[in-house]
Amino acid sequence: MRLLRLMAVAMMIGFSGWVCAAVETGQPAPDFSTADLQGNPRALSEFKGKFVVLEWFNYDCPFVKKHYSTGNMQNLQKTYAEKGVIWFSINSSAPGKQGNYPPDQMKKMSEDWSTASTEILLDPDGTVGKMYGAKTTPHLFIIAPEGKLIYMGAIDDRPSTNPEDVKGATNYVQKALDEAMNGQEVSEPVTQSYGCSVKY
Amino acid sequence: MMRNIFTIGFLLILNCLDYGEAAPVKTEEVEAELVTEVELVQPGRPFWVAVRFAMAPGWHIYWKNPGDSGMATSVEWEEVSGVKIQEIQWPAPERIRVSPSLVNFGYGGKVLLLTEIHPANSLDAGKPLSLTAQVQWVACQEICVPGQGEVTVALPVKRETPQVNSKWGKEFERTRGLLPIPLTSEVFQLTATQGQEKFILKMIPGKLISSQVTGSYFFPEDRGMVDYDAEQLFRQIPEGYELIIKRSSAADRFPDSLKGVLLIEEINQKRVFSMNVPLKG
């Protein structure tokens, strides 16, 4: 009985190594390559010299819907695209799990939502998600032009599904980008993300 | 004259209403209703009510700190004159492993989130007392579904000793047994230190710990401090026991204290305590 318990613990520790964040703020963000909606492989390294935002999403998750139904996410995507920020919306839902859709359906959904990210990337085997330690949808990561990870965590400070909570919230992504683009240090580089679990 | 007629009319209408619970709020995953431990309110005598949640098999709702994902269940009471509504008392949560890397704290099956109500001595006997709360939750299984609604209950107010509500009395009793009790030095003397990667909780047993402690787990109240997915290492040390808790990569640089619920497993029982230990180092 005790041996089984030990084995279970060992397994859990082993599994938890999967997603125990390999990434740290202040360190270089790992490069990755995964397909966009057209099936072309896209890599982080294509965009060296630019700010890059990674946004984990799942259109069926109520926390994601909170930010998309209010236009909050799309506004961020658009506002910062105009400032030269590259925005990747990444979907790591495994086939058969919530949020996973074939590319053409994903394209339609993103158009229905007026998603304004630079690219939507599909990561159905979860490689990129696990590389970054993406735990929830949404989960946000910001990479500075020199390749350093400068923010990871929640989109804002109101961990709810209520669309009304968007208005009064402190938006961590906006704050971090504004600080970094002004040459300042990011004051809150790490926060705890909230949302649905990523459906690996 | 008119005022009296209105009052009588109002009271007559109220008399026609059933005392007790209004229809529960129902979604596919969760049923929420306001239940009471007593059948009437005696002015000046505190009594217990609860929001009772019943979850469909496999579904969970969340504790005040939901863990890696999900959302804390929220209960917001409408103010009522003549009564003081105390804070929600949360039974000890379960640790729920959602995936190889995610752990949540919450409840499955049924749970009562308890509240004590203090009616004033001067509360008007003869007028029913109506209590209403706005409830919000996120229920998760494989996926998450939010839910919300208003729950309400009306109780007669009488200057007599209330009987225990036969329908819910047992559930209230059972739930009170699941509430964390304040941890005193007669249970453990606790000291907490922190390093770069972990928090260390040292536990020196007091006289209320009579047998071998076989396990322990700390449920933090504050989000973003602890790595929920990592196992907490419990072991014996010369002075007693030690629990090593891994920090979250999102941890506050230097939190002041470890605040939350401590589960203690002994040979024949499990007990839960509420703790708030200052952090050194």
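See the structure above.
Q: In this structure, what is going on with the sheet that holds strand β1 (residues 33–36) of chain A? I would like to understand it.
A: Sheets are built from strands that pair by backbone hydrogen bonding, the pairs being arranged parallel or antiparallel. Residues and elements named next belong to chain A. Strand order in the open sheet made by the seven strands is β2-β1-β5-β4-β3-β7-β8, with mixed pairing throughout. The open sheet is flanked by β2 (41–43) and β8 (149–153), the only strands paired with a single partner. The sheet shows a mean angle of 30° between the axes of neighbouring strands, direction not considered. Where β1 and β2 come together, three bridges link them in antiparallel fashion. Across the sheet, the residue bridging to Ala 35 is Pro 41, located in β2.

Q: Can you help me understand the sheet that holds strand β7 (residues 83–85) of chain B in this one?
A: All names here are of chain B. Read across the sheet, five strands follow the order β2-β3-β4-β10-β7 without closing on themselves; strand pairing throughout is antiparallel. Edge positions in the open sheet fall to β2 (25–26) and β7, since each of these has one partner strand only. Where strand β4 (residues 47–55) lies against strand β10 (residues 110–119), eight bridges are found, and the strand directions are antiparallel. When the sheet's bridge partners are listed, Val 49 is paired in β10 with Thr 115. Helix α2 (residues 169–176) contacts β3 (30–36), β4 and β10 of the sheet and is inclined by roughly 95° relative to β10.

Q: Help me understand the side chain of Ser 193 of chain A in this model?
A: Here Ser 193 of chain A lies in the loop between α6 (172–181) and β9 (196–197). Here Thr 136 of chain A takes part through its side chain, which lies 2.8 Å from a polar atom of the side chain of Ser 193 of chain A. Those residues in contact with Ser 193 of chain A that sit more than four places away from it in its chain are Thr 136, Pro 138, His 139, Gly 153 and Ala 154 of chain A together with Asp 68 and Arg 223 of chain B.

Q: What should I look at first to understand the environment of Ser 211 of chain B in this one?
A: All names here are of chain B. For Ser 211, the position within the fold is in the loop between β15 (198–205) and β16 (213–220). Sequence spacing of Ser 211 and Gly 224 is 13 residues, and the spatial spacing of their C-alpha atoms is 34 Å. Ser 211 has contacts with Tyr 241, Glu 266 and Ile 267, leaving out every residue within four places of it along the chain.

Q: Which parts of the structure should I look at to understand the interface of chain A and chain B?
A: Bring the parts together and some accessible area is lost; that lost area is often taken as the interface size. With 30 residues of chain A in contact, the opposing surface of chain B contributes 25 residues. Taken together, both faces of the contact between chain A and chain B bury some 2,200 Å²; the carbon and sulfur share is 58%. Counting every contact that joins chain A to chain B gives two salt bridges. For the salt bridge of Lys 135 of chain A with Asp 68 of chain B, the shortest nitrogen-to-oxygen distance reads 3.2 Å. Where chain A meets chain B, there are eight residue pairs in polar contact (both at pLDDT 80 or more). Tallying contributions element by element places helix α1 (residues 2–19) of chain A first for the side of chain A that touches chain B, with seven residues.

Q: Would you mind showing me how to read helix α3 (residues 72–81) of chain A here?
A: Each full turn of the α-helix corresponds to 3.6 residues, which orients residues three or four apart in the same direction. Within α3 of chain A, the full set of buried residues consists of Asn 72, Met 73, Gln 74, Leu 76, Gln 77 and Tyr 80 of chain A. Buried-residue contacts for α3 of chain A involve β3 (52–56), α2 (62–69), β4 (86–91) and α6 of chain A.

Q: What is the right way to look at the pattern of salt bridges in this model?
A: Working definition: two side chains of opposite charge can pair if their charged atoms are close together. Residues and elements named next belong to chain A. Using the criterion set out here, one finds 24 salt bridges over all chains in the structure. Here Arg 42 ties to Glu 119 by a salt bridge, and the two come within 2.7 Å at their closest N and O atoms. In this pair, Arg 42 sits in strand β2 while Glu 119 sits in strand β5 (residues 119–122), placing the two residues 77 residues apart along the sequence. Via salt bridges that share partners, Asp 36, Arg 42, Glu 46 and Glu 119 belong to a single interconnected network.

About the cut-offs
- Residues numbered from 1 in each chain as written.
- Chains lettered and ligands numbered in written order.
- Predicted model: local features only at pLDDT ≥ 70, side-chain atom pairs only at ≥ 80, totals over all residues.
- Heavy atoms only, no water.
- Pairing = 2+ DSSP bridges.
- Helix = DSSP H or I, 4+ residues; strand = E, 2+ residues; numbered from the N terminus.
- Axes fitted to C-alpha atoms, helices over the stretch in contact; angles between N-to-C directions.
- Contact = heavy atoms within 4.5 Å.
- Polar contact = N/O pair within 3.5 Å; in protein donor to acceptor, adjacent residues only side chain to side chain.
- Buried area = accessible area lost by both parts, 1.4 Å probe.
- Salt bridge = Lys/Arg side-chain N within 4 Å of Asp/Glu carboxyl O.
- Buried < 20%, exposed > 50% of the residue type's maximum accessible area, 1.4 Å probe, protein only.

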